[in-house]
Amino acid sequence: MFFSSKSFDPEKDIPSLKGKVILITGGTAGIGKQAVLEFARHSPKQIWLAARNVEKTQATIDEIRSKIAEAPIIPLHLDLASFESIENAAKKFIAESDRLDILMLNGGVAGLVPGLTEDGYEIQFGTNHMGHALLTKLLVPKLEQTQRSNAKSDVRVVVVASAGHRRAPRGGILFDRLKKADDENIIGAYGRYCQSKLANILFTRHFATLYPQYTIAAIHPGTIKTDIFSNATAANLAQRALIYVAGFFLSSVEYGVKNQLWASVSPDVQSGEYYEPIGYGGTASQLGKDDALAEKLWNWTEKELSCRAKI
């Protein structure tokens, strides 16, 4: 919060998005919802709002259209904790859209009690990392198609991570526990969350080395008022009280969204980097800069996803 940040005004600094297609996960609340609204002000061709709750998705679209009547938002049902749902969402998008200019991996969960996704991964890691990794893998052909369509195409992937990655467990990623509903005494709910956010940063780092033709960045939105911890079922009464009280001192979503919007359009973004608000790079932990760990996570993830459908 005390870094010298770049000045960024979404109204003035987001250029025309005419002809561009954007896909945002988790866009029904908080900074995801605000990102949809800010993008809609700049006339993109399409904004695909990918979220789990169909009714909430439509309510979000209706609310944004009450402010921007012609907002070109398309709902996309997506549950990041279900590989089947992710594959169905990717099939629909690929069939109905001819390009993908900005992929914003914004959705996520935090502070959940021990559990597994329907595909057998620790719930926070499975949702925040594995779900987004599979979605990205399935959409790479569309990103490539967009890049090839025009020499001036500016394809971006923005991953919403967290400064919390610095509190990941010793060693960073506990590979032997990623498919277990962990005992609270081993790592804890927030340790598991921080592990998943470190995975987001490492994923970004290695993805950028494999696809240098894109601009790929991980960001921390700052300490903002968001509802990601509203379903933190692992929090005890004291922790819930602390979260509630802290809410009075946090930044607004209007501020919090700026870093990911900056990363989606700024020419100053260095691919593979992690940025604190706004546009301040080089602040990842040593584990977040560990190329060997990034490659190990990438290879582990690829092996896990190798049996999934190719679209």
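It should be emphasised that the depicted structure is a prediction, and the values quoted were computed from it without experimental measurement.

K.L.:
Residues and numbers for the side chain of Thr204, please.
P.N.:
Of note, Thr204 is situated in helix α6 (residues 189-210). Excluding anything up to four places from it in sequence, Thr204 contacts Val159, Ile216, Ala217, Ala218, Gly272 and Glu273.

K.L.:
So what's going on with the environment of Val109? Residues and values would help.
P.N.:
With respect to the helices and strands, the residue Val109 is situated in the loop between β4 (102-105) and α5 (123-149). Taking the C-alpha atoms as reference, Val109 lies 6.1 Å from Gln124; in sequence the two are 15 residues apart.

K.L.:
Describe in detail the environment of Lys56, supporting the description with residues and values.
P.N.:
By the secondary structure assignment, Lys56 is in helix α3 (residues 54-65). Along the primary structure Lys56 and Gly27 are separated by 29 residues, whereas in three dimensions their C-alpha atoms are 9.8 Å apart.

K.L.:
Can you tell me about the sheet that holds strand β3 (residues 73-77), naming the residues and giving the values?
P.N.:
With respect to topology, eight strands assemble into an open sheet ordered β3-β2-β1-β4-β5-β6-β7-β8, the strand pairing being mixed. Every other strand in the sheet has two partners, leaving β3 and β8 (280-281) as the edge strands with one partner each. Direction of pairing for strand β1 (residues 21-25) relative to β4: parallel, over a ladder of three bridges. The partner of Leu23 across the bridge, within β4, is Leu103. Lying on the sheet, α5 is in contact with β1, β4 and β5 (156-160); it crosses β4 at an angle near 180°. Sheet strands touched by helix α9 (residues 258-265): β4, β5, β6 (215-219) and β7 (274-276). Its angle to β5, the strand with the most contacts, is close to 160°.

K.L.:
Could you give an account of the pattern of salt bridges, naming the residues involved and the relevant values?
P.N.:
If you walk through the whole model with that rule in mind, you get twelve salt bridges. The closest approach of N and O atoms between Glu63 and Lys33, which form a salt bridge, is 2.6 Å. In this pair, Glu63 is assigned in helix α3 and Lys33 in helix α2 (residues 30-40), connecting sequence segments 30 residues apart. Classification of Lys33 by relative accessible area gives partly exposed; the value is 22%. Of the charged contacts in the structure, one is a salt bridge between Arg41 and Glu38, with a shortest N-O distance of 3.2 Å. On the accessibility criterion, Arg41 (43% relative accessible area) is partly exposed.

What counts, and where the lines are drawn
Residues numbered from 1 in each chain as written. Predicted model: local features only at pLDDT ≥ 70, side-chain atom pairs only at ≥ 80, totals over all residues. Heavy atoms only, no water. Helix = DSSP H or I, 4+ residues; strand = E, 2+ residues; numbered from the N terminus. Contact = heavy atoms within 4.5 Å. Pairing = 2+ DSSP bridges. Axes fitted to C-alpha atoms, helices over the stretch in contact; angles between N-to-C directions. Salt bridge = Lys/Arg side-chain N within 4 Å of Asp/Glu carboxyl O. Buried < 20%, exposed > 50% of the residue type's maximum accessible area, 1.4 Å probe, protein only.

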